[in-house]
There are 4 protein chains.
Amino acid sequence: MSVNSFGRLFRFTTWGESHGPAIGAVVDGCPPGLAIDESVIQPFLDARRPGQSKYTTQRQEPDQVRILSGVFEGQDGIRRTTGTPISLMIENVDQRSKDYSDVARAYRPGHADYAYDAKYGFRDYRGGGRSSARETASRVAAGAVARLVIPEVKIRAYVSEIGGDMIDPGNFDEAEIGNNPFFCPDVAAAARWEQIVDDARKAGSSVGAVIECYASGVPAGWGAPLYGKLDADLAAAMMGINAVKGIEIGDGFAAARLTGETNADPMRPSKETGPDGAPEFMANHAGGIAGGISTGQPVTCRVAFKPTSSILTPQPTVTREGQATELFTKGRHDPCVGIRGVPVVEAMMALVLADHKLLHRGQCG
Amino acid sequence: MSVNSFGRLFRFTTWGESHGPAIGAVVDGCPPGLAIDESVIQPFLDARRPGQSKYTTQRQEPDQVRILSGVFEGQDGIRRTTGTPISLMIENVDQRSKDYSDVARAYRPGHADYAYDAKYGFRDYRGGGRSSARETASRVAAGAVARLVIPEVKIRAYVSEIGGDMIDPGNFDEAEIGNNPFFCPDVAAAARWEQIVDDARKAGSSVGAVIECYASGVPAGWGAPLYGKLDADLAAAMMGINAVKGIEIGDGFAAARLTGETNADPMRPSKETGPDGAPEFMANHAGGIAGGISTGQPVTCRVAFKPTSSILTPQPTVTREGQATELFTKGRHDPCVGIRGVPVVEAMMALVLADHKLLHRGQCG
Amino acid sequence: MSVNSFGRLFRFTTWGESHGPAIGAVVDGCPPGLAIDESVIQPFLDARRPGQSKYTTQRQEPDQVRILSGVFEGQDGIRRTTGTPISLMIENVDQRSKDYSDVARAYRPGHADYAYDAKYGFRDYRGGGRSSARETASRVAAGAVARLVIPEVKIRAYVSEIGGDMIDPGNFDEAEIGNNPFFCPDVAAAARWEQIVDDARKAGSSVGAVIECYASGVPAGWGAPLYGKLDADLAAAMMGINAVKGIEIGDGFAAARLTGETNADPMRPSKETGPDGAPEFMANHAGGIAGGISTGQPVTCRVAFKPTSSILTPQPTVTREGQATELFTKGRHDPCVGIRGVPVVEAMMALVLADHKLLHRGQCG
Amino acid sequence: MSVNSFGRLFRFTTWGESHGPAIGAVVDGCPPGLAIDESVIQPFLDARRPGQSKYTTQRQEPDQVRILSGVFEGQDGIRRTTGTPISLMIENVDQRSKDYSDVARAYRPGHADYAYDAKYGFRDYRGGGRSSARETASRVAAGAVARLVIPEVKIRAYVSEIGGDMIDPGNFDEAEIGNNPFFCPDVAAAARWEQIVDDARKAGSSVGAVIECYASGVPAGWGAPLYGKLDADLAAAMMGINAVKGIEIGDGFAAARLTGETNADPMRPSKETGPDGAPEFMANHAGGIAGGISTGQPVTCRVAFKPTSSILTPQPTVTREGQATELFTKGRHDPCVGIRGVPVVEAMMALVLADHKLLHRGQCG
């Protein structure tokens, strides 16, 4: 019942604080025999890495991952998973020395500072300690391992909305996602967002974002009803990401405004697989999940990120002693924390799916 | 890792199918010494019970709960929890005998029929079997026990939107929630919804709904970062309810359109508790949770229910053998399944909070 | 983290007290499609059932099991598991009405009475409540389901020692186990035990016993190092049975007196399977498990049962108020509780192996 | 359901192989505010450290532990736990470069080599990889943290038997345990064991051992019936230690030869605490546990260690290809692996008790 762990059969545990010597993850339950080394994981960490554009925090972290266990070089010279725990470590490098007396003394509004103190009575206040989004690097590393478990699945996330400005679905071009600093599939929107995010950055303000993610190639049958439903696990996975406040599967809240007819997911025999194969859904309002189990259609979700709470405008708050004071957030921050959420959302999707693949194989394989 | 269980320290396991002899829940981890008998649980089941108005399914189930274990009558004549598992059973009474050859042969679109078959290869197709919303009666019963664990917390859910028609926040009157068949806090909206739901019913159609829920009295400090966050657990709890497609905490998706300033949750010393007490949040955009931990403010969420998939309009689908066919849903169904979700949402809120109270006490008590 | 549950992928949860209306188990994670009905489970319950000879308690319980969920009759008329939770219920019939004021007031020495009160502050004292060995009927029922999951495995337990009198290995005849009320494979020992147990019964005393159990047909590779080792799980499973005080795998404590040479488990190519098959172990000191993983040899263990604590000789004890008093156990009891442990030991072996089969398939399948 | 994790509320996960760069543990669920730094953990690792006498393996490992997370220096200059995961890392230093072609090609009898290959199909064969007793250093480090959680408990383990030669209970002197390389409380036995172990070492052989452990100061009420019983958890904890083949609680197997009278645990009012306090048990056959719950008496257990499987006498075995061959174990090994088990047994006792303290507080606190 380790609360710093996620997953059942494919399970990872993370550790580390923003300004400690390192962060890391232990991935347990990874099947044996999968080819892996650091170069398989690093690209995903690089995609999440801060300091790569002016639109993200200027903290400079190389985020070099090391594999400390669970991998062994076979006699063919290929390193492979052995089925034992894979320990991943990322050293913290740019824990800038600074004066923390402000945040030690008073609670940053919108942050977890007060809640952690209320819970534990004692906290590492440097850079948010354990509650910092820095921890998500561990998830991204673990997610890279998870992807090896589900080679049949393709996962892609992108930002669909920043500061209330949405992409035009007609402009959707998956190839563009990697071509701009916003993971935006719409060239025109990406251009607009430069202005929006830069304005927020210059003003010491911040903006929210929405990320969409889909996974194609998921076979029908993954998901463990009733309290390990695929959609429920995804909801927990996404809602647990820093700054996330909402999660939708398929049509989400929009489905609440449809009728039974307009929300219907009629099926027909799959053209590709013939009469014996999985049916094709003529729409996919359900987002690829029914009764908590995958249907063979793409699994889709939308995730809402609030604007970064760290802003330059001073806010009323209280001290540890309960006195009124004001605080504003000095230091390096993301003007739109949602942007760097894209690799994290993808990682969580991969982690949930890898777990459910193994679970399904265990019970029904 | 029982997937039909939910919770960690306060944990329940449900069993049963729509048309089997009974359904039930085993509640494990309930603290000892709490006064309980069937009459404590029954009112919550009654609130969820079908067949009470023309706006819900006409299946007639008395939903009488029996406590089979875990409770003992003390020498003062009061029945109390003993700390051992509480077995709750509800007999199915109105499993109307009918011809199931249609649903045995083909998959109802929008239902879990195909997904269950893809997963298990064999399913109880009568009334949806295990995937039927009938299972939520077990959750409601378990939730009634959970409420005993958190007497300091007040939980209330209500429908805020049906078929796209929203309540007017200015008309919000909590006392009205129990006065209409829609759990609607706005008298005017309730009147409009009579028409909307009745039209859907008569047309053999269905409409979606949004439920809002809040829990007040939750002290600061509940929630178990990082993978047992209070909001992540709530997200899983709510997304796991039949027909739910979206969940928001606090401002949810709306927060993605705010700026750091407009989404700020500034704090001030609590007027009530004085300088040593918990601070007061001047807004509660966060929905009472920061960093996955409660802040002492009301915990709030919104839950989207899709329209019932069972409609009278025939839909294209496939048979078990993969042949094209058409199917429409005969039998008794809810024109707006979201309505009866209110007691279920409340139950899941109670179950999550009870679990986190015990977890917090275990680690930090 | 339900403490009234056991297992990971194949998991059961038990509920019920000795003198409540019923006891039961919910079996979760059973693979779908296995032919099952009550008649598959009942023989194992019958083997454990009390009141069948003068050597066991005279409580008369028919122990009729009912399957309430998780099983469905296919179109071929065969009832099969559906992959959903299997709820098993056994009604208590012979909860003899008696005066419990003695045990309500003071703690029976050697029983869990004091410990339960120290833990929970409130207990069902009738017949030991939850701590009664009656609960093991639920395990036996769940174990019968587990056996369906591992048809390749043959499990057999027997009593090898009662009151210090051991069987002669030279007399071992498996066919005899079912021919006497002691589950004894040695005809001569069974005859001696009649006297030993009957003497204890008449004297209002009790004797201890040792049970041995083996499982053949377990393939190499089951077991989940490092904290789900097959031997560790068996140790927990057996030590958790009422009255058990010791557990050995393979040579057990005797191995501590061997040298590396005399304890060696040399291997040779299996004659049966040829050079590509699993090796044959020339001895099996290890009891079929190495590094927590099965080796393909029979899995063997020995389990020590203490003498029943309920005896007619009055013992000093204390009241709930902490005053000195004396107590002896009136009512119906087993003069050798170990005897009826045989079906329970077999059930726990089956439950552990079924779980590990699914776990192995999940991670390595 | 991470199988490389142990515990429920106080939970640790270990990682690492014998010849990898490092090993470690992540301790999750440790309560906040406990004073800790490396110097608190190191002495326990030093007690287990190899190469300290000629009676243990000559592998030279400094076993210096580093705390990488979960600990923060308060404003009083004291480092304390924060309630977040504590990552502990121990670098491997003396992974002697050698030729592993023998063990890569064939299975060492008595070791986990064959079983790992049967399970995973691919293994790190260097020094036993994950199955090496080197992993127990991680448990000892985690156990040192666990001790901080249970300051009221005193835990002591010692070797009571080596190669069949037992201590004389009349010579028991706890103060002697730390004065000899065998953790032996009997000066005379320790002298005899020098000869026994040295003979085995010189002969390239090995001998078994029995460790006894007790924990005093455990209050009544810890333990979580029915499937988290304190004795069942201890059984799993001890049986999971490398080379362990048996575990007894209290009188263990000896209890199977007692009668109800001779095994009785009568109680009287405690002289120390007066009539309102916990009773005193006049014997403690039960080993401080009844019904899976602590009784307030010392918790006692005995653990059997087989002789080290690595011996110089060649043994028949098979190659990976299933061909007959012979193998003997070159390299550095313990002639009596049980000796170094003492700090490991203590650590597991501490880990189980810390977990149950938190569990009890969570449910009944």
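Predicted, not measured: the structure shown is a model, and the values here were computed from it. (Residues numbered from 1 in each chain as written. Chains lettered and ligands numbered in written order. Predicted model: local features only at pLDDT ≥ 70, side-chain atom pairs only at ≥ 80, totals over all residues. Heavy atoms only, no water.)

Asks: Pulling in residues and values, what's your account of the relation of the copies chain C and chain B?
Replies: Taken as rigid bodies, chain C and chain B are interconverted by a rotation of 180° and an axial shift of 0.0 Å, the fit giving an RMSD of 0.0 Å. Both copies are brought into coincidence by an operation consistent with a two-fold rotation axis. Residue by residue, 100% of the interface of chain C is reproduced at the interface of chain B, so both copies engage with the same surface. (Least-squares fit on C-alpha atoms with pLDDT ≥ 70 in both. Contact = heavy atoms within 4.5 Å.)

Asks: How would you sum up the interface of chain C and chain B? Please name residues and give values.
Replies: Each partner contributes to the interface: chain C provides 43 residues, whereas chain B provides 43 residues. Taken together, the two surfaces of chain C and chain B that pack against each other cover about 3,500 Å², and 66% of this comes from carbon and sulfur. Three residues, W15, F72 and F122 of chain C, lead the burial of chain C against chain B; their summed loss comes to 20% of the area buried on that side. Where chain C packs against chain B, one counts 0 salt bridges. Counting across the chain C and chain B interface gives 8 residue pairs in polar contact (both at pLDDT 80 or more). Where the side of chain C that touches chain B is concerned, the elements lending two or more residues are β2 (11-16), β3 (22-28), β5 (71-73), β6 (79-81), β7 (86-91) and α3 (113-120) of chain C. Here the side of chain C that touches chain B gets 5 residues from one element, more than from any other, and that element is β2 of chain C. Here the side of chain C that touches chain B is composed, by residue class, of 17 nonpolar, 15 polar and 11 charged. (Buried area = accessible area lost by both parts, 1.4 Å probe. Salt bridge = Lys/Arg side-chain N within 4 Å of Asp/Glu carboxyl O. Polar contact = N/O pair within 3.5 Å; in protein donor to acceptor, adjacent residues only side chain to side chain. Helix = DSSP H or I, 4+ residues; strand = E, 2+ residues; numbered from the N terminus. Nonpolar A, V, L, I, M, F, W, Y, C, P; charged D, E, K, R; others polar.)

Asks: Could you give an account of the UniProt feature "binding site: FMN" (unreviewed entry) in chain A, with specific residues and numbers?
Replies: According to UniProt, the feature "binding site: FMN" (unreviewed entry) maps to R130, S131, S132, N242, A243, G291, K306, P307, T308, S309, S310 and R332 of chain A in the numbering used here. Within the secondary structure, S131 of chain A is located in the loop between α3 (113-120) and α4 (136-149). Assessed through its relative accessible area of 17%, S131 of chain A is described here as buried. The residues contacting S131 of chain A, other than those within four sequence positions of it, are A112, Y116 and N242 of chain A. At a separation of 2.8 Å, a polar atom in the side chain of S131 of chain A contacts the main-chain carbonyl oxygen of G128 of chain A. Its location among the elements puts G291 of chain A in the loop between β14 (289-290) and β15 (293-294). By relative accessible area, G291 of chain A is classed as partly exposed at 28%. For G291 of chain A, the residues in contact, after removing those within four places along its chain, are P225 and K229 of chain A together with A112 and Y116 of chain B. (UniProt positions renumbered as here; feature names shortened; annotations may be inferred. Buried < 20%, exposed > 50% of the residue type's maximum accessible area, 1.4 Å probe, protein only.)

Asks: Which residues make up the environment of A350 of chain C, and what values do they have?
Replies: All names here are of chain C. When you line up the elements, A350 lands in helix α7 (residues 341-364). Residue A350 is classed as buried on the basis of its relative accessible area, which comes to 0%. Residues in contact with A350, not counting those within four places in the same chain, are G143, A146, R147, I150 and I155.

Asks: Lay out the confidence of the model for chain A with the relevant residues and their values.
Replies: Scored by pLDDT, chain A comes out at a mean of 93, with 97% of its residues at no less than 70. In the model output, the complex is listed with pTM 0.97 alongside ipTM 0.97. (pLDDT = per-residue confidence, 0-100.)

Asks: I'd like a rundown of empty space enclosed by the protein, residues and numbers included.
Replies: A volume near 240 Å³ is recorded for the second largest cavity. Lining the second largest cavity are 29 residues, and of these D265 of chain A together with P109, G110, H111 and S309 of chain B lie nearest its centre. Every element with two or more residues in the lining of the second largest cavity is listed here: β14 of chain A together with α3 (113-120) of chain B. For the lining of the second largest cavity, the class distribution of residues is 14 nonpolar, 11 polar and 4 charged. (1 Å grid on protein atoms, 1.4 Å probe; cavity = no way out; pocket = protein on both sides within 12 Å on 5 of 7 lines; lining within 4 Å. Points joined across faces, edges and corners; volume = space filled by probe spheres on them.)

Asks: Give me the sheet that holds strand β11 (residues 244-249) of chain C: which residues, what numbers.
Replies: Strand order in this open sheet of 10 strands is β9(C)-β8(C)-β10(C)-β16(C)-β11(C)-β11(D)-β16(D)-β10(D)-β8(D)-β9(D), and the pairing throughout is antiparallel. Edge positions in the sheet fall to β9 (165-166) of chain C together with β9 (165-166) of chain D, since each has one partner strand and no second. Across 5 bridges, β11 of chain C lies against strand β16 (residues 299-305) of chain C in antiparallel orientation. Across the sheet, E248 of chain C pairs through a bridge with R302 of chain C, a residue of β16 of chain C. Together, β11 and β16 of chain C together with β11 (244-249) of chain D form the strand contacts of helix α6 (residues 230-239) of chain C, whose direction differs from that of β11 of chain C by roughly 155°. (Pairing = 2+ DSSP bridges. Axes fitted to C-alpha atoms, helices over the stretch in contact; angles between N-to-C directions.)

Asks: So what's going on with the relation of the copies chain B and chain A? Which residues, and what values?
Replies: For the pair chain B and chain A, the superposition axis carries a translation of 0.0 Å, the fit reaches an RMSD of 0.0 Å, and the rotation angle comes to 180°. Of the interface residues in chain B, 100% have counterparts in chain A that sit at the interface too, so the contact is made through matching surfaces.

Asks: Can you break down the UniProt feature "binding site: NADP(+)" (unreviewed entry) in chain A residue by residue, with the values?
Replies: Residues and elements named next belong to chain A. Here, the residues flagged by UniProt with the feature "binding site: NADP(+)" (unreviewed entry) are R48 and K54. With respect to the helices and strands, the residue R48 is situated in helix α1 (residues 38-48). In this view, R48 contacts D63, A133, R134, T136, A137, V140, R340, P343 and V344; residues no more than four positions away in its chain are not counted. By the element assignment, K54 lies in the loop between α1 and β4 (65-67). Residue K54 is classed as partly exposed on the basis of its relative accessible area, which comes to 42%. Contacts of K54, omitting those with residues within four sequence positions, involve D198 and R201.

Asks: Which residues make up helix α5 (residues 187-202) of chain A, and what values do they have?
Replies: All names here are of chain A. Taking 1.5 Å of rise per residue, the 16 residues of α5 would be expected to cover 22 Å, and the 23 Å separating its terminal C-alpha atoms lies within 8% of that figure. Taken together, the buried positions of α5 are A189, A190, W193, V197, D198 and A200. On the buried face of α5, the contacting elements are β8 (154-162) and β9 (165-166). Of the residues flanking the end of α5, it is G204, one or two places downstream, whose phi is positive at about 70°. (Expected span 1.5 Å × (residues − 1).)

Asks: Can you break down the packing of aromatic side chains residue by residue, with the values?
Replies: One pass over the full model with this rule turns up 48 aromatic pairs over all chains. A ring pair is formed by Y100 of chain A and Y125 of chain A, whose centres lie 6.5 Å apart and whose planes are at 50°; its orientation type is tilted. One end of the pair, Y100 of chain A, is in the loop between β7 (86-91) and α2 (101-105); the other, Y125 of chain A, is in the loop between α3 and α4, with 25 residues separating them in the sequence. Of note, R80 of chain C hangs over the ring of F122 of chain B, and the distance from its end group to the ring centre comes to 5.9 Å. The lysine or arginine in question, K119 of chain C, covers the ring of Y120 of chain C, its NZ or CZ lying 5.8 Å from the ring centre. (Phe/Tyr/Trp six-rings, centres within 6.5 Å; stacked < 30°, edge-to-face > 60°. Lys NZ or Arg CZ within 6 Å of the ring centre and 35° of its normal.)

Asks: So, the packing of helix α6 (residues 230-239) of chain B against helix α7 (residues 341-364) of chain B: which residues are in play, and what are the values?
Replies: All names here are of chain B. In the contact formed by α6 and α7, the axes pass within 10 Å of each other and the chain directions differ by 145°. Read as a crossing pair, α6 and α7 show a hand that is right-handed. The residues of α7 that touch α6, namely those facing L230, D233, L234, A237 and M238, are V345, M348, M349, V352, L353 and H356. (Left-handed = near helix turned anticlockwise from the far one by under 90°.)

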